[in-house]
Amino acid sequence: MIFKRLILSAVTALLLPVICPAQYIDRGYDDLDDSETVASMKEQVSFFASAALEGRKAGSEGEKEAALYFAEQLESIGVDIISPDEGDVFGIKQENGDTLTSRNVIGFIPGYDKKLNDHYIVVGARLDNLGTYTVNIDGVPTQRINYGANGNASGLAMLLQLAKKLNTNSILIRRSILIVAFGSSLESGAGAWYFLNRSFGDAGNIDAMINLDMLGTGSNGFYAYTSSNADMNQIVTALKGTLQPVQPEIVSQEPCMSDHRIFYDRQIPSIFFTTGMFPGYNTYRDTPDILQYEEMERETEYIYNYTLSLANGPKPIFNPSEELRKGTEGQEKVFAYYECDRGPAFLGHTNPEYFLKEWVYRYVKYPQKAIEEGIQGRVLVDFIITEKGKVTDVKVLKGVHPLLDEEAVRVVSSSIDWKAGIVKGQKVKSEISLYVEFRLERKR
């Protein structure tokens, strides 16, 4: 078995007096009524979010084990693997000169239509998460694991269930389906970029992409984001007239950054399915027990039906948002971050997450009064990068409390200059929306 050494690690862990909470899911009477799909997803999430994988940080052994397990699961349901045994390996040069090694896993389900089976629908989910971090609890440094059950073991488990259904019913599918687990997604979408630009030689025949990320908290809502693509939205609208176990809400505001952006940059129509942000986002509390597996099963059924409609229907046309394309009459055009040929860059990095890490969370000051009153949450801030790289027009799109809102605006407004976004070789104004998180560490 590919993951023998993880089984050995698990056996060793059972001999220890303390077991990390996400190492396994305890099976009780409540699990006896689980459907086959729910039981399978629980098992898969338990593996992806286990303590042994230490948060699946990009380039880590945990991410590698997750990739090998994903490949083994695909093989067990009869899906052909077209990536090498060790995954489709690529390297990312780090600022310190080291090379981070990551990998994608690619499964292939052939379409039946001889005229369309050399065209592809990519259905993907990210493999990696944030790994570990250290916090001080009563003055004692304590290591915590970002288990990543919802982000994104949920998407990986649902992707495996989709692969099983699609492979079983491949006689119904005209276009071919590529099932892809992307490595180093949190590193500026590196795995998706490598897949499109270096690895998959037939990328020009990819007709559309479906992205699955953070799908385990369905009671908070089920959302579809398409960058206002009319053809991708039309399928959602058409499915509303059919009997479905759940229906997503089309949103115009991007819930979070993920691999669909890389496909959008290549002008490939994309849809991002998610249940959105959740209280345990990017923390050690993101464990398998917070997931709502019955909701995930219903979402899987819907996404399967969406995939069938997409794979069997006309090729969707790439078109940016009407609002963005037209701009505001009499005013200079402002491009969305993802519309730029090269996005605005902070200290050489085009992934806005780098700005959060190296500027916002380095210089933000948690208001003392907010600490005393236990106020926390995520402030959605929108701002514009000018052609000269200046940060302007900082505003709150979704606030939490005036104390936190004002501090979020202050720290973003004080940013040093960026490099402007580029469209057709010209510097342009570009717009970015980011969540600034204020989180209080609970004392024990």
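Residues numbered from 1 in each chain as written. Predicted model: local features only at pLDDT ≥ 70, side-chain atom pairs only at ≥ 80, totals over all residues. Heavy atoms only, no water.

Q: Please explain the packing of aromatic side chains as it appears in this structure.
A: Here a ring pair, both rings aromatic, is described through the centre-centre distance and the interplanar angle of the planes. Applying the stated criterion across every chain, the model contains 23 aromatic pairs. Centroid distance phenylalanine 278 to tyrosine 281: 6.1 Å. Interplanar angle 80°. Geometry classified as edge-to-face. What makes tyrosine 281 buried here is its relative accessible area of 14%. Consider the rings of phenylalanine 346 and tryptophan 359, whose centres lie 6.3 Å apart with planes at 70°: the pair is edge-to-face. Placement of phenylalanine 346 in the loop between β12 (334-336) and α10 (352-363) and of tryptophan 359 in helix α10 is noted, with a sequence separation of 13 residues between them. (Phe/Tyr/Trp six-rings, centres within 6.5 Å; stacked < 30°, edge-to-face > 60°. Buried < 20%, exposed > 50% of the residue type's maximum accessible area, 1.4 Å probe, protein only. Helix = DSSP H or I, 4+ residues; strand = E, 2+ residues; numbered from the N terminus.)

Q: Can you walk me through the pattern of salt bridges in this structure?
A: Between side chains of opposite charge, pairing is possible as soon as their charged atoms come close. In this structure the tally under the stated criterion is 14 salt bridges. Its salt-bridge partner being aspartate 207, residue lysine 315 comes within 3.9 Å of it at the nearest N-O pair. Of this pair, lysine 315 sits in the loop between α8 (293-312) and α9 (322-326) while aspartate 207 sits in strand β8 (residues 206-212), placing them 108 residues apart in sequence. As a salt-bridge pair, lysine 390 and aspartate 417 come within 2.9 Å of each other at their nearest N and O atoms. (Salt bridge = Lys/Arg side-chain N within 4 Å of Asp/Glu carboxyl O.)

Q: Teacher, can you tell me more about the pairing of strand β4 (residues 120-126) here?
A: When a strand is regular, its side chains alternate between the sheet's two faces. Summarising burial for β4: seven of the seven residues are buried, a large majority. When β4 meets β8, the two strands line up parallel, connected through six bridges. Paired with valine 122 across the strands is methionine 209, a residue of β8. (Pairing = 2+ DSSP bridges.)

Q: Mind showing me how you'd approach the packing of helix α3 (residues 61-76) against helix α4 (residues 149-168) here?
A: Each pair of packed helices can be described by the angle between their axes along with the distance between the axes. Where α3 meets α4, the closest approach of the two axes is 10 Å, and the angle between their N-to-C directions is 20°. Here α3 is positioned roughly parallel relative to α4, judged by the angle of their axes. The two elements α3 and α4 meet at a crossing, and its hand is right-handed. Note on element contacts: α4 touches α3 through Leu156, Leu159, Leu160 and Ala163, opposite Phe70, Gln73 and Leu74. A breakdown of the residues in the contact of α3 with α4 according to their chemical character gives six nonpolar, one polar and no charged. (Axes fitted to C-alpha atoms, helices over the stretch in contact; angles between N-to-C directions. Parallel < 35°, antiparallel > 145°, perpendicular 65-115°, else oblique. Left-handed = near helix turned anticlockwise from the far one by under 90°. Contact = heavy atoms within 4.5 Å. Nonpolar A, V, L, I, M, F, W, Y, C, P; charged D, E, K, R; others polar.)

Q: Would you mind going over the side chain of serine 102 with me for this structure?
A: Relative to the elements of secondary structure, serine 102 occurs in strand β3 (residues 99-109). We classify serine 102 as buried; its relative accessible area is 0%. A distance of 3.0 Å separates the side chain of serine 102 from the side chain of glutamate 63, its partner in a polar contact. Within polar-contact distance, the side chain of serine 102 engages the side chain of serine 184 at 3.0 Å. (Polar contact = N/O pair within 3.5 Å; in protein donor to acceptor, adjacent residues only side chain to side chain.)

Q: Help me understand unusual backbone geometry, please; the structure alone is not making it clear to me.
A: Comment: phi is negative for the bulk of residues other than glycine, and the bulk of peptide bonds are trans. Residue asparagine 152 is bonded to the preceding glycine 151 through a cis peptide linkage, with omega at 5°. With respect to the secondary-structure elements, asparagine 152 resides in helix α4. Despite not being glycine, arginine 56 shows a phi value in the positive range, around 50°. The residue serine 228 is not glycine, and still its phi comes out positive at about 60°. Within the secondary structure layout, serine 228 lies in the loop between β9 (223-225) and α6 (230-239). Residue serine 228 is classed as partly exposed on the basis of its relative accessible area of 34%.

Q: Is there a simple way to explain the environment of glycine 155 in this structure?
A: Position of glycine 155 relative to the elements: it lies in helix α4. In the structure, glycine 155 is positioned 118 residues away from phenylalanine 273 in sequence and 9.3 Å away in space, judged by C-alpha atoms. Residues contacting glycine 155, with those up to four places away along its chain left out, are Ala125 and Leu212.

Q: Sorry, what's going on with α6 here?
A: The periodicity of an α-helix, 3.6 residues per turn, causes residues three or four places apart in sequence to face the same way. What α6 keeps buried is the set Met232, Asn233, Ile235, Val236 and Leu239. Relative to the axis of α6, the buried residues are bounded by an arc of 150° and lie together on one face. Looking at the buried positions of α6, the neighbouring elements they touch are β8, β10 (249-250), β11 (270-274) and α8. For α6, the N-terminal cap is asparagine 229; the gap from its side-chain oxygen to the backbone nitrogen of aspartate 231 is 3.0 Å. (Arc of directions from axis to C-beta.)

Q: Would you mind showing me how to read the pairing of β8 here?
A: Across the seven residues of β8, seven count as buried, placing the element largely inside the fold. Of the pairings in the sheet, the one linking β8 to β11 comprises four bridges and is parallel in character. Residue pairing for β11: asparagine 211 is matched across the bridge by phenylalanine 272.

Q: Just to check I follow, could you spell out the nonpolar core for this structure?
A: A general tendency of soluble globular proteins is for nonpolar side chains to be buried together. Counting residues in each nonpolar core, the largest one holds 60 residues, and the members touching the most others are Phe70, Ile179, Ile210, Leu212, Phe273, Ile303 and Tyr306. The dominant element in this core, judged by the number of residues it contributes, is α4, at ten residues. Once you skip the residues sitting within four places of it in the chain, phenylalanine 273 turns out to touch Ile210, Asn211, Leu212, Asp213, Leu215, Phe222, Tyr223, Ala224, Pro248, Tyr302, Ile303 and Tyr306. Cys256, Phe346, Trp359 and Ile385 belong to the second-largest nonpolar core, a separate cluster that totals 36 residues. (Core = buried A, V, L, I, M, F, W, Y, C linked by side-chain atoms within 4.5 Å.)

Q: How do you make sense of the confidence of the model for the protein chain when you look at a structure like this?
A: Low pLDDT marks regions whose predicted coordinates should not be analysed in detail. This prediction gives the protein chain a mean pLDDT of 87; 89% of its residues lie at or above 70. Ignoring residues within four places in sequence, the model shows residues 1-25, a span with pLDDT below 50, making 41 contacts including any to other chains. In the model, residues 321-330 has pLDDT below 50 throughout and makes eleven contacts with residues more than four positions away in sequence or in other chains. (pLDDT = per-residue confidence, 0-100.)

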